[in-house]
Amino acid sequence: MVQDNLLVRQELARYLVHSSPAGLWVCFVYGVLWALFLILKEGIIGGCVWLLGFLILILGIRAWLFFQKKNFRWEHPKQINLVMFRVLLIGGIYHSISLLYFYPRLTPLGQIISLLFILAMIPIMSLALLSHRTGFNGYWCPIFLSLLVCLNYHDAVQLIIYSILILSLIGVNITQRHLSRLLLELFSRHADSQILVEELRQSNKLMRDRSERDELTHLNNRAVFNQLMERWWNLSSRSGIYLCLLIIDVDYFKAYNDHYGHLAGDECLKDVATALARSLLREDDVVARFGGEEFVVLLPNTTLNNGVQVAKRIQTELTQLARPHEYSSVSRFVTCSIGICAMVARHEKSSLLLLKKADEALYQAKHDGRNCYRMAPRSD
């Protein structure tokens, strides 16, 4: 059992924080009931004085907790238990002082009733403070010590009840100690399951990335592009928005591979992929590796003129990249040819029509000398 596990501490701390108000409310109700008991036995003045002191104590504790929140690390179980211990110890001391003052003044029957009242509250408070054993003891130990001082040892009934109180306190401690171990084991298992779930989630994400990403460039692969193409094509046919497609081909890439080597060719494709990704400004824009040295860019809700602007940004990025290509016939650096097409999809047509038109524009760019872009005729 890993007690120092961060997830275990966080889960246990969260449980302690959620269970703390219940224990404090039980203490508050107990204080009010004790005040009513004193009013019945000692009169309104004595009971109200004690109740006023109790309310001042509660307000003081609330103010103290408010200012301490900035200093305590509330996510740590030890800190939460420490706060609960201090709060309940103050309440226990106040109650013990009241017992030292009021208990000897009660009639023998009133003393027995108060002991029975305390006996009844121990299991009730223990249920609310299952995970706060130190706080529970901090509250009750001062009360038990004060009872030792003011108990009527000539009254056998009081001695029996006090003995039962001691046994109850011991029993609660044993139970709470056992429950704390069970809680720790429970949260340890929960933390282990969380770690397992997170590992599975990361594994699934890795597998999904591998199935959706091109291994070399880390762009979308062709399968993902085809899915997105179909999705946007259907949306375009329903809404009438333009779809713009750019097909990009790295100029004279075979010559680059032959002379610089395949490893350099891979690095070249990675740089081109980075340049393409930097050229896109919108979240919906899609860039993918189409195959070999060919890339595609799908621009939803984009006209032909705006597609041309993207093509210019791509060429600017490649120019700034300035990757040497001494075996190119059009430049001393790596360049690309781009075919552009934009159209509104139609139900009766396939998305392959857009791909075909952009490919024809790319062929025209290559025919016209490469390192340029060409537009397919406008198709409405």
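In short, a report on the structure.

Procedures and definitions
- Residue positions are given per chain, counting from 1 as you read along its sequence in written order.
- Under the rules for a predicted model, residues below a pLDDT of 70 receive no local features and side-chain atom pairs below 80 are neither given nor counted, while totals for whole chains, interfaces and linings still include all residues.
- Side-chain numbers here rest on the full set of heavy atoms in the structure, without hydrogens or water.
- Secondary structure elements follow DSSP: runs of H or I no shorter than four residues count as helices, runs of E no shorter than two count as strands, and numbering proceeds from the N terminus.
- Accessibility here uses a 1.4 Å probe with only protein chains present; expressed as a share of the type maximum, an area under 20% marks a residue as buried, one over 50% as exposed, and anything in between as partly exposed.
- Any pair of residues with heavy atoms lying within 4.5 Å of one another is described as a contacting pair.
- Exposure was quantified through the Shrake-Rupley algorithm and a 1.4 Å probe, taking into account, for residues, occlusion by the shown protein chains and nothing else.
- Nonpolar core, defined: a set of buried Ala, Val, Leu, Ile, Met, Phe, Trp, Tyr and Cys residues in which side-chain atoms within 4.5 Å join the residues together.
- One fewer than the residue count of a helix, multiplied by 1.5 Å, yields its expected span.
- Note on bend: the value at a residue is the angle between axes fitted to the seven residues ending there and to the seven starting there.
- Axes here mean lines fitted to C-alpha atoms, for a helix over just the part in contact, with angles spanning 0 to 180 degrees between N-to-C directions.
- Reported orientations rely on four angle classes, namely roughly parallel under 35 degrees, roughly antiparallel over 145, roughly perpendicular from 65 to 115, and oblique for the rest.
- Being paired, for any two strands, means DSSP has found at least two bridges between them.
- Convention used here: a crossover is right-handed provided that the path from the first strand, over the helix, to the second strand proceeds clockwise when the strands point away from the viewer.
- Within 6.5 Å between ring centres, the rings of Phe, Tyr and Trp (the latter by its six-membered ring) count as paired, and their orientation is classed by plane angle as stacked under 30 degrees, edge-to-face over 60, tilted in between.

**Details of the overall build of the protein chain**
Secondary structure assignment for the protein chain yields eleven helices and five strands. Every one of the 380 residues in the protein chain was classed for burial, and the buried ones make up 44%. For the protein chain, the proportion of contacts with a sequence separation of at least 24, taken over those separated by at least 6, is 73%. Carbon and sulfur atoms make up 61% of the accessible area of the protein chain, which amounts to about 20,800 Å² in all.

**Describing the nonpolar core**
In this structure, Tyr30, Ile118, Met125, Phe136, Trp140, Leu147 and Leu165 are the most contacted members of the largest nonpolar core, which totals 36 residues. For this core, the secondary structure elements donating two or more residues are helix H1 (6-42), helix H2 (44-68), helix H3 (77-102), helix H4 (108-128), helix H5 (133-150) and helix H6 (156-212). Looking at this core, the element that brings in the most residues is H4, giving nine residues. In this structure, Phe295, Leu304, Cys336 and Ile340 belong to the second largest nonpolar core, which totals 31 residues.

**So, H5**
With 18 residues, H5 extends 26 Å from end C-alpha to end C-alpha; this agrees with the ideal 26 Å at 1.5 Å per step. Trp140 marks the point of greatest bend in H5, at about 25°, and the proline Pro142 comes within the next four residues. Taken as a whole, H5 has its buried residues at Gly135, Phe136, Asn137, Gly138, Tyr139, Trp140, Pro142, Ile143, Phe144, Ser146, Leu147 and Cys150.

**Points about the packing of helix H8 (residues 253-260) against helix H9 (residues 262-279)**
Think of two packed helices as two axes; the pair is described by the angle between the axes and how far apart they sit. Orientation of H8 relative to H9, taken along the N-to-C sense of each, is 135°, at an axis distance of 7 Å. One way to sum up the angle between H8 and H9 is to call them oblique. Along the contact surface, H8 presents Phe253, Tyr256, Asn257 and Tyr260, while H9 presents His262, Ala264, Gly265, Cys268 and Leu269.

**Some thoughts on unusual backbone geometry**
Of note in the backbone geometry, Tyr252 takes a positive phi value of approximately 50° without being a glycine. Along the polypeptide, Tyr252 turns up in the loop between strand S1 (242-250) and H8. Of note, Asn301 is a non-glycine position whose phi angle comes to about 55°, a positive value. In this structure Asn301 comes out as exposed when scored by relative accessible area, which is 51%.

**Concerning the pairing of strand S4 (residues 336-344)**
Across the nine residues that make up S4, a large majority, nine, are buried. Both S1 and S4 contribute to a ladder of nine bridges, which runs antiparallel. Residue Leu243 lies in a different strand from S4, and its bridge partner there is Met343. Pairing of S4 with strand S5 (residues 373-375), which is carried by three bridges, proceeds in the parallel orientation. Bridge pairing links Gly339 to Arg374 in S5. For the handedness criterion, the β-α-β arrangement of S4, helix H11 (residues 352-367) and S5 is classed as left-handed.

**Quick notes on the environment of Pro324**
You can see Pro324 is positioned in the loop between helix H10 (304-321) and S4. Considering only alpha carbons, one finds Pro324 and Tyr256, 68 residues apart in sequence, at a separation of 9.6 Å. Beyond its immediate stretch of four places on either side in the chain, Pro324 contacts Tyr256, Tyr260, Arg332, Phe333 and Val334.

**Some details on H4**
An ideal rise of 1.5 Å per residue puts 30 Å on 21 residues; H4 measures up with 31 Å between its terminal C-alpha atoms. Bending of H4 peaks at approximately 25° at the position of Ile122, with proline Pro123 no more than four residues after it.

**Details of the packing of aromatic side chains**
Counting across every chain of the model gives eight aromatic pairs. When the centroid spacing of 6.2 Å and the interplanar angle of 5° are considered together, the rings of Phe253 and Tyr256 count as stacked. In this pair, Phe253 and Tyr256 are both assigned in helix H8, three residues apart and thus about one turn of the helix distant. Overall, Tyr256 belongs to the buried group, its relative accessible area being 3%. Where Tyr260 meets Tyr327, the ring centres are 5.8 Å apart and the plane angle is 75°; that geometry is what we call edge-to-face. In this pair, Tyr260 is assigned in helix H8 and Tyr327 in the loop between H10 and S4, connecting sequence segments 67 residues apart. Judged by relative accessible area, Tyr260 falls into the partly exposed class, the value being 31%.

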